[in-house]
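Read off the chains here:
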Amino acid sequence: MSSLNTEKWNRILVRFLLAFSFWEAVSIPVRMVFFSKFYFDPTLKSIFVPITDVFWLGPVFSDLSFTLAFGFLYALMKESLPQGLVGGFLVGILVSIIGFVSPMLWTLSLTNFVPSALVWVWVAYYSIFTISTAVIYSVGWNIED
């Protein structure tokens, strides 16, 4: 594993800005499509707040911190990961399984704190986020400028 030199920092930051701006442009419509069914369910009314009451700094900061942390992780592990578009999809799917699917399977088997359909929609939403971020970080990393 090599250290993070200036060239790697530039690559991390450029890909971070690409991944973050792409996801912020896509995330609000995707959230509306994925979670609109649950928003109008009277049994789940206490979980969701109206869109006018959402403190938008929270979701944006969450996306920002995840994208930046994933970029650092990807840069440190780059030598041992598959490259290109297929490698990005593979890394994104594996990280999604390890980070979202497995913990939710374990949590739902122990407790029943929310409806399982809502949990799986949340897992799908963050899996799409992880896969798109991994693809953006993996494509063209080794091309010399």
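To be clear, the structure that these remarks concern was listed above.
Residues numbered from 1 in each chain as written. Predicted model: local features only at pLDDT ≥ 70, side-chain atom pairs only at ≥ 80, totals over all residues. Heavy atoms only, no water.

In the structure shown here, the tally under the stated rule is one salt bridge. When the shortest N-O distance is used, the salt bridge between Asp63 and Arg31 registers 3.2 Å. Here Asp63 is found in helix α2 (residues 57-77), whereas its partner Arg31 is found in helix α1 (residues 6-39), with 32 residues between them in sequence. Per residue, the accessibility class of Asp63 equals that of Arg31, and both read buried. (Salt bridge = Lys/Arg side-chain N within 4 Å of Asp/Glu carboxyl O. Helix = DSSP H or I, 4+ residues; strand = E, 2+ residues; numbered from the N terminus. Buried < 20%, exposed > 50% of the residue type's maximum accessible area, 1.4 Å probe, protein only.)

The next point concerns the environment of Tyr126. Summarising the element assignment, Tyr126 is placed in helix α4 (residues 116-138). A sequence separation of 116 residues divides Tyr126 from Asn10, and the C-alpha atoms of the two residues are 26 Å apart. Other than its neighbours up to four places away in sequence, Tyr126 contacts Ser62, Asp63 and Phe100. (Contact = heavy atoms within 4.5 Å.)

Geometric descriptors of this kind do not, in isolation, establish any biological role.
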